[in-house]
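A closer look at the structure
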Amino acid sequence: MLATRASTAKRLARSFATVVDTKASGVKVAAVDYGQPTTAVTVLVKAGSRYQPSAGVAHVLKNFAFKSTAKRSTLGTVRESELYGGVLSASLSREYFALTTEFLRGDEPFFTSLLASILATTKFLPHEYSEYVLPVVRDESTHASQVPSTLAIEAAHSVAFRTGLGAPLLADAHSHVSLGSVKEFATSAFASGNVAVVGTGIDSARLADLVDKALAETPLPSGSSMPSSSSSKYFGGYARINLPMGGQTVFVGFGTTAPSAALSVLATHLAPPSALKWPSVPRSSTKLTPVYLPYSDAALAGVLVQAPDVKSVKEAAKTLFEKLKKPLTAEELKSAVARTKFDAATAAETREGLTLALGKKVFFNADASVESTLAALDKVDAATLSKTVSELLKVTPTYVAIGDIATLPYVDEIVL
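Thresholds applied
Residues numbered from 1 in each chain as written. Predicted model: local features only at pLDDT ≥ 70, side-chain atom pairs only at ≥ 80, totals over all residues. Heavy atoms only, no water. Helix = DSSP H or I, 4+ residues; strand = E, 2+ residues; numbered from the N terminus. Rg over C-alpha atoms; globule rule 2.2 N^0.38 Å. Buried < 20%, exposed > 50% of the residue type's maximum accessible area, 1.4 Å probe, protein only. Contact = heavy atoms within 4.5 Å. pLDDT = per-residue confidence, 0-100. Phe/Tyr/Trp six-rings, centres within 6.5 Å; stacked < 30°, edge-to-face > 60°. Expected span 1.5 Å × (residues − 1). Polar contact = N/O pair within 3.5 Å; in protein donor to acceptor, adjacent residues only side chain to side chain. Pairing = 2+ DSSP bridges. Axes fitted to C-alpha atoms, helices over the stretch in contact; angles between N-to-C directions. Salt bridge = Lys/Arg side-chain N within 4 Å of Asp/Glu carboxyl O.

1. Overview of the overall build of the chain
Looking only at helices and strands, the chain has 15 helices and 11 strands in total. Compactness check: the chain gives a C-alpha radius of gyration of 22 Å against a globular reference of 22 Å for 416 residues, within 12% of the reference. Principal-axis analysis of the C-alpha atoms places the extent of the chain at approximately 65 × 55 × 40 Å. A burial count over the chain gives 50% of its 416 residues as buried. Taking contacts inside the chain between residues at least 6 apart in sequence as the whole, the part at least 24 apart equals 82%.

2. A closer look at the confidence of the model for the chain
Overall, the predicted model of the chain reaches an average pLDDT of 89, with 90% of residues at or above 70. At the low end of the mean pLDDT range in the chain sits helix 1 (residues 2-15), at 47; at the high end sits helix 2 (residues 57-62), at 97. Contacts from residues 1-10, a stretch scored under 50 in pLDDT, to residues over four places away or in other chains number four contacts. Every residue in residues 12-17 is under pLDDT 50, and counting partners more than four places away or in other chains gives 16 contacts.

3. What about the packing of aromatic side chains?
Under the definition given, this model contains nine aromatic pairs. Ring geometry for Phe64 against Tyr129: centres 6.4 Å apart, planes inclined by 5 degrees, an arrangement best described as stacked. Of this pair, Phe64 sits in the loop between helix 2 and helix 3 (74-83) while Tyr129 sits in helix 5 (residues 126-144), placing them 65 residues apart in sequence. Residues Phe64 and Tyr129 agree in their burial class; the two are buried. Ring centres of Phe97 and Phe190 lie 6.1 Å apart, and the angle between their planes is 25 degrees; on these two criteria the pair is classed as stacked. One end of the pair, Phe97, is in strand 5 (residues 97-104); the other, Phe190, is in the loop between helix 7 (179-189) and strand 6 (195-200), with 93 residues separating them in the sequence.

4. Side note on helix 8 (residues 204-217)
Along its 14 residues, helix 8 runs 20 Å from first to last C-alpha, staying within 8% of the 20 Å computed at 1.5 Å per residue. Every buried residue of helix 8 is listed here: Ser204, Leu207, Ala208, Leu210, Val211, Asp212, Ala214 and Leu215. Near the N-terminus of helix 8, the side chain that reaches the backbone nitrogen of Ala205, with its oxygen 3.0 Å away, is that of Asp203.

5. Section: the sheet that holds strand 11 (residues 398-403)
Two pairing modes exist for strands in a sheet, parallel and antiparallel, and in both the strands are linked by backbone hydrogen bonds. What the five strands build is an open sheet, ordered 7-11-8-10-9; its pairing is mixed. The open sheet is flanked by strand 7 (237-242) and strand 9 (287-294), the only strands paired with a single partner. Strand-to-strand twist of the sheet, defined as the mean angle between neighbouring strand axes without regard to direction, takes the value 15 degrees. Bridge analysis of strand 9 against strand 10 (residues 299-307) gives eight bridges, and the strand direction is antiparallel. Bridge pairing in strand 10 links Pro294 to Ala299. The strands touched by helix 10 (residues 310-325) within the sheet are strand 8 (248-256), strand 9 and strand 10, with strand 8 carrying the most contacts at an inclination of about 25 degrees.

6. Some details on the environment of Tyr129
Residue classification places Tyr129 among the buried positions, given a relative accessible area of 8%. The sequence separation of Tyr129 and Glu352 amounts to 223 residues, and the corresponding C-alpha distance is 28 Å. Aside from chain neighbours lying at most four places away, what touches Tyr129 is Val60, Phe64, Leu134, Pro135, His176, Val177, Ser178 and Leu179.

7. Quick notes on the pattern of salt bridges
Per the counting criterion, the structure on display carries 12 salt bridges. Residues Arg50 and Glu95 are paired through a salt bridge, measuring 2.9 Å at the closest nitrogen-oxygen approach. Of this pair, Arg50 sits in the loop between strand 3 (38-45) and helix 2 while Glu95 sits in the loop between strand 4 (87-92) and strand 5, and the two are 45 residues apart along the sequence. A salt bridge links Asp378 to Lys341; its shortest N-O distance comes to 2.9 Å. Taken as a pair, Asp378 in helix 13 (residues 370-378) and Lys341 in helix 11 (residues 330-348) lie far apart in primary sequence, 37 residues in all. Assessed through its relative accessible area of 23%, Lys341 is described here as partly exposed. Each member of the salt-bridge network shares a partner with another, and the members are Arg50, Glu95 and Asp297.

8. Looking at the side chain of Ser117
Its location among the elements puts Ser117 in helix 4 (residues 108-121). On the basis of relative accessible area, Ser117 is assigned to the buried category, the value being 1%. Contacts of Ser117, omitting those with residues within four sequence positions, involve Thr69, Lys71, Arg72, Thr122 and Thr218.

9. As for helix 6 (residues 148-161)
Because an α-helix completes one turn every 3.6 residues, residues spaced three or four positions apart along the sequence face the same direction. The end-to-end C-alpha distance of helix 6 is 20 Å, a good match for the 20 Å that 14 residues give at a rise of 1.5 Å each. Most of helix 6 is tucked away, with 10 of its 14 residues classed as buried. Residues of helix 6 that are buried: Pro148, Leu151, Ala152, Ile153, Ala155, Ala156, His157, Val159, Ala160 and Phe161. Residues of helix 6 that are buried sit in contact with helix 5, strand 7, strand 8, strand 9, strand 10 and strand 11.

10. What to know about the side chain of Thr77
By secondary structure assignment, the location of Thr77 is in helix 3. Overall, Thr77 belongs to the buried group, its relative accessible area being 1%. Look past the residues within four positions of Thr77 in its chain and what remains in contact with it is Phe66, Arg72, Leu88 and Leu114.

Here it is, written out as structure tokens:
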């Protein structure tokens with residue numbers, strides 16, 4: 001089994017080597033193909049929330065995905081995709097807006113052409129904006145506002161980075177984002193310099209050829225007209241949000257402008273997952289979730305603490321800071337590195353993980369293969385972790401409390 005996993009990792013790592021510049025369209029393409037029966041093609045656009053001109057614009061743009069274009073109505077797009085058995089989806093992160101199509105091998109020409117038409121000829125019709133887009137935006141925002149873990153991570157970004165990565169991922173449920181601002185953002189974002197096409201289950205050269213043909217019919221503006229996001233700067237800080245329902249939640253963490261393997265290992269060490277899916281003893285009511293969110297020029301790392309009562313949250317948060325200051329034993333280090341490697345390898349086996357890794361290679365020329373990731377984790381030793389912890393303790397932590405803020409602890413009550 002171990003030999004098989006190692007062989008798979010090497011095969012994936014070799015596949016990451018090719019990034020193709022399309023000849024006509026100017027869009028970069030990267031793909032991996034290891035024989036799966038289905039194919040996925042994703043258009044990554046540097047139009048995440050860190051690039052939006054005002055709060056909520058990127059979120060609204062995401063929900064305009066697969067609406068009416070010059071070629072097809074919204075219904076036509078869905079019906080034709082269904083005839084091929086394909087699946088359409090859109091997602092938004094702080095750095096990317098992504099359009100994804102998944103389908104059976106052999107149907108690449110149709111779905112590549114579909115994605116090109118979405119990028120180049122979406123009509124942004126007023127009735128679709130008011131009847132289809134805004135209701136979904138409000139529903140997603142309302143739901144997120146009731147999920148403590150989501151609120152905590154959003155608030156943590158806000159206090160850690162303020163602008164750029166600190167910009168809200170979702171629109172406020174009661175804010176108004178104009179259709180004009182969405183169209184203007186799309187016009188500047190959907191230029192060849194901001195767009196990459198990544199695929200799984202397809203050869204890079206084949207995908208590049210299809211992209212060139214599709215964009216020859218509906219070309220994108222050349223270059224990059226997007227306002228660049230300012231370089232991230234870590235500030236740290238504290239936030240408290242009252243939420244009557246959903247238990248008590250605290251995020252304890254730190255940010256940095258230098259993502260590193262050591263930070264991911266540290267997060268795993270502070271909140272190690274159980275190796276047993278069904279333990280022989282009852283699980284604790286306090287849930288600790290490691291958080292490591294790397295970006296192109298920054299990272300947020302820490303632990304999400306969730307419990308039914310304030311006392312449990314306070315005790316768990318205090319224990320985390322005590323653990324942070326205590327040097328790791330050789331056994332703890334070995335365990336944390338191994339589990340972090342397992343999580344990284346598992347993520348790389350998913351389409352989403354492969355897509356994000358390919359995106360980093362295309363946009364930032366970063367070696368994000370499985371092999372390079374595991375090699376970086378293998379280099380994390382006690383001295384590296386000690387230096388990382390020492391640097392983190394010199395800066396302001398990022399602390400967010402969600403729930404009964406009248407009784408939830410303040411940061412100076414848990415930082416010893």
